[in-house]
Structures are given as structure tokens and as C-alpha cells.
Amino acid sequence: MEENHLEESINTEEVVEENNFLPSSISDEEKGELFRELTTILSRKWLKEKVTVFGCSELDLLLATRFDIQTLRETIEEYKSFVQILGLNVIEYDMNGEKWYCLRSSHYAPSDLQSAELIVLGTIIAYLEDDKQKPITTEKIKEKLVVTGKMKEYLVENCLRKLTRLGYIKKQQNEWEYNYRTYIEFGDEEREKIVEEFRRI
Amino acid sequence: MTDRDIIDESSDIISTYIEENKEWVETTFQLVFELKRKYGKSIRKKEIVKLIESEEDRSKVSDAYLYMQSKKESIMDSSLYEDFIKMNELRENDLLEQLLYPHERLKAFADKVRSLCIPITYFSGTTQTSYEEPLNDLTEEVIDLASIDEIENFLKKYKVFLEKLSIKSLDKGEILNIENTIKDKLVGKKINKNKINNLLTTLEAEILSKLISEKKIRVIMNNDELIFQNEFDDEETDVVSSSVLLSPKNSIDASD
């Protein structure tokens, strides 16, 4: 019995040692290199299943760094405070049930979108925030923007396609929904303000 | 007689009046309460109360503060006045918006959405390196296929490109030998950038690249000359290795 107990205690010590392996053993120089690489990885933009995505998934980071999950998260926490000085934030977002990381500006910065795309996106946000139960179809958006003569039909359709490709919205069974990017770039308060502004048009 | 005296005097008269007419006080508070509800609801729903109606309501309760006895009643009264101000702002904003053309209102909406957006930060640009430039340098060489001499000369000239690439696996000992050969050939010497292509085989160029990436050899480019140095100090960070594109003229077999 005593022998078993001793073996168990040795095993526990080994586990503790393994857990402490990183990041305490990473030298400052190695950490600097890791942070530089993280900046490059998290600021990349690419296409995934015809939708623009930013940064990197947690799984890819695990495979690239060969860290365990706890170490990776601790490293990212440290990296967060590192980039905060530069006016950037590390944002976590969900993509098909998988955790992703990307970088976002801490304050206002120029947006990718043109005025027409912002109007269409603002309209969708206003409708979705006003009543989440009511479905938002393309017809409803056109009713507000095209029928009233505010925008041309082809322009609205073009904007919807671009917003889908850029990861702001997605279509589920003929109804429009937010995609990950709207949640990242527009907080709850901002979306509420858009609803108020929308009433004026 | 000052204004203050007049107010004090009139308030004394009113307080006497209030005491005599308690029902009237209750009615005034009820009126304030009803108006507070009305304006609170209108502001919440952004419904504009007409200016005349709003002025009538305000004049109805303009003296109500004189009848408010408890703190709760006074707060209700001041809150109603705040709602009058909010309603006025709402009315003015609505009027200003009506002066804008629809496309101006749309633009203002787009600007507002843009100002509320905190975008993702990323590096823009294409994700692939373009290979177009080297291909543009390609030139054609026309030879007379009837002339055997011309064909032989052509084959001799481009012998390197016609040879099949052989896959050669090396063990650690062989790699070490090649590494030593490279070090003997290059380290501590200044070699012209163009001449180095004749000195190395393709295999040696590969191993040299490996040695440089492993920081076992450092290359410094000084004009057209390459200076090779051996096992430099890690602390020297002000100088970094130069990247040089090599195109060795000798094939692998030449080293055997």
C-alpha cells in the first residue's frame, strides 16, 4: 500500500513538473520571438469556405506551438497586455463552435466598408436588434431601402453579397443573421445606438 | 419691496390657501403625475407632442412647485420639467432632420454606423508571392534543326537543365564532411558574389544555406564581395547575415 502511495506521489510530482514546463522556462528572447510570430499570425486575413476570416484558430495555435491548452491560454493572456500598449486588443470569437483569436483596434479606426455597405449593415442591425423574433429577409431590407427610393436594387444585392463575404452577415434558410464579425466590431451599446439612428431615416 | 419679499409674501398667502384647500393640492399632484407619465411615454417612443399642447401643459403646472410639500412630490415636479426639456430637444432634432434630403439622412446614418465600428486589425495584401517577374526575363533561342552542329552546341550549352534531378540521401557523416569542405572553401575569405557560383555545387549550396540558417556561418555582403565568418558571438546583434541568391554552375555529381 505504502509503495503504491509513493508511486502516486511521484507521478503527481511529474505532472506538476510537466505543467510548470512552460511558460516559466521560456527565456525572454524566445518569448519575444513568440510574440512577434503571434502578431503576424493574428493579423492575417484569409478566406475560409468563401468567407473572410482573421487571425487563427486555437487548435491551429496548439498544433503550431505544441503547447498544452493551459500554457497557450496563459501565453495569450500575457500577449494581450503586451499588445494593449500598442492600442490593440486580442479578441476571441466563435467560428462554427471553434475558438478563434484575432487583433482589433482599441479605439476608432477606418473601416473596410463603403457608405452603401454601412447603410445595409446598419439596416440589418436595426431590424435584428429591434425585434429578434421577426425574421429579416432580403425583401424586408429592399422594402425599406429600395421601394422608398433610397437605394438601387442591384446596389443592395451587391452590398449583401459583400457583407456576407466579409463575415458580417450570413443567410440561414432565407433569413439574415449576424456572422462573427458584426459581434466583434459592434458591441451591444453600439448596436443599440444604431437602432436609434435608424429611426431617423 | 424686493422680488424676494413679494415671493415670500405670496407663498405665505398660498400656504394659507393650501391648508384651506387640501383637495386642490391633491389635484395638482395628480396632474403632475399624469403629465409625467404622458411625457415619459412619448419620449420613450420618440413621439413628438405638439408645441402648443406642450406649452399648455407647462403653463398648467407652472405654479405646481408651490403646492409640493414632500421631497417625493418635488422630485416628481422637477422630473416633469426635465421631460419638457427633452421633448423640446426631440422636437428640434425632428425639425432639423426634416430639413435634410433623404440621401443626406442616409449618408449621416452611414457615417454614424462607421463611427460606431471598431474594426479588426489586419495586414492587407495578396497572400501569394508573385512569380511573374522571373518569367518575364525568359528569352527564346532559335536554332536550325537541320544543322547537327547547332543542336550539339545547344545541348552542350544547356546541359545542366537537361540532366535529370537525382534524389540523394545523405547520412550524418556525409553532411559533416560537406560542411567541413564548405568551411574550408569559404570561411575567413572574401569572395566575389559572381565567382561563388562556380565554387559550389548545388548540394553544397543547400548545405551552406542550412549552415547559415543554423547560425554556424555568418555572411556579410560588402559591395560585390561576400565575407564568410565562422561561429560568431550570439551577443553581436547589430549585424545580421545577408541573403544571397545562389545559382551554382556545378551539378551534384561534380563533387563526387
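Parameters at a glance
Every chain is numbered independently, its residues counted from 1 as its sequence is written. Key to labels: chains lettered from A, ligands numbered from 1, both in the order written. Residues qualify for local features only when their pLDDT is at least 70, as the model is predicted, and side-chain atom pairs are given and counted only at 80 or more; totals for whole chains, interfaces and linings, by contrast, use all residues. Side-chain measures here rest on the full set of heavy atoms in the structure, leaving out hydrogens and waters. Buried, partly exposed and exposed residues are distinguished by accessible area as a fraction of the type maximum, computed with a 1.4 Å probe on protein chains only: under 20%, between the cut-offs, and over 50%, respectively. Helix numbering and strand numbering both begin at the N terminus, where a helix is a DSSP run of H or I of at least 4 residues and a strand a DSSP run of E of at least 2. In this context, the arc is that of the directions from the helix axis out to the C-beta atoms. In what follows, a contact means two residues having at least one pair of non-hydrogen atoms within 4.5 Å. The span you would expect from a helix comes to 1.5 Å times its residue count less one. For two strands to count as paired, DSSP must find a minimum of two bridges between them. Two joining distances apply to patches: 9 Å for like charges and 5 Å for nonpolar side chains (Val, Leu, Ile, Met, Phe, Trp, Tyr), and every residue must have over 30% relative accessible area and no salt bridge. In this description, accessible areas are obtained by the Shrake-Rupley approach with a 1.4 Å probe, and a residue is regarded as covered only by the protein chains that are shown. Any carboxyl oxygen of Asp or Glu that lies within 4 Å of a side-chain nitrogen of Lys or Arg is treated as forming a salt bridge with it. In this tally, Lys and Arg are treated as positive and Asp and Glu as negative; His is ignored, and so are the chain termini. We put the charge of a Lys on NZ, of an Arg on CZ, of an Asp on CG and of a Glu on CD. Fitted lines through C-alpha atoms serve as axes, helices being fitted only where they are in contact, and the angles separating the N-to-C directions of these axes extend from 0 to 180 degrees.

Caption draft 1: Broad picture of helix 3 (residues 58–65) of chain A. Residue and element names in this part refer to chain A. Among the residues making up helix 3, those that are buried are Glu58, Leu61 and Leu62. Viewed along the axis of helix 3, the buried residues span an arc of 100 degrees, placing them on a single side of the element. Residues Leu59, Leu63 and Ala64 are exposed on helix 3 and point more than 90 degrees away from its buried face. Its buried side turned inward, helix 3 meets helix 2 (28–42), strand 3 (56–57), helix 4 (69–84) and strand 5 (98–105).

Caption draft 2: Layout of helix 4 (residues 71–99) of chain B. The end-to-end C-alpha distance of helix 4 of chain B, which contains 29 residues, comes to 43 Å, matching closely the 42 Å that a straight helix rising 1.5 Å per residue would cover. Taken together, the buried positions of helix 4 of chain B are occupied by Glu73, Met76, Asp77, Ser79, Leu80, Asp83, Phe84, Met87, Leu90, Arg91 and Glu97 of chain B.

Caption draft 3: Local environment of the pairing of strand 4 (residues 88–95) of chain A. Residues and elements named next belong to chain A. For strand 4, the buried fraction is high: six of the eight residues fall into the buried class. Pairing between strand 4 and strand 5: eight bridges, direction antiparallel. Considered in strand 5, the bridge of aspartate 94 is made with lysine 99. Hairpin connection between strand 4 and strand 5: a loop of two residues separates the two successive antiparallel strands, and asparagine 96 in this loop has a positive phi of roughly 50 degrees.

Caption draft 4: Quick peek at a positive patch on the surface. All names here are of chain B. Residues Arg37, Lys41, Arg44 and Lys45 make up a contiguous surface patch of positive charge. When you line up the elements, lysine 41 lands in helix 2 (residues 22–44). Given the relative accessible area of 47%, lysine 41 is considered partly exposed.

Caption draft 5: Summary view of the sheet that holds strand 2 (residues 217–222) of chain B. Residue and element names in this part refer to chain B. Taken together, the three strands give an open sheet; going across it, the order is 1-3-2, and neighbouring strands pair in antiparallel fashion. Looking at strand neighbours, the two that pair on one side only are strand 1 (190–192) and strand 2, the edges of this open sheet. Taken pair by pair, the neighbouring strands of this sheet meet at an average axis angle of 30 degrees, ignoring direction.

Caption draft 6: Up close: unusual backbone geometry. At glutamate 49 of chain A, a residue that is not glycine, the phi angle is positive and equals roughly 50 degrees. Inspection of the secondary structure assignment puts glutamate 49 of chain A in the loop between strand 1 (45–48) and strand 2 (51–54).

On their own, these measurements won't tell you what the molecule is for.
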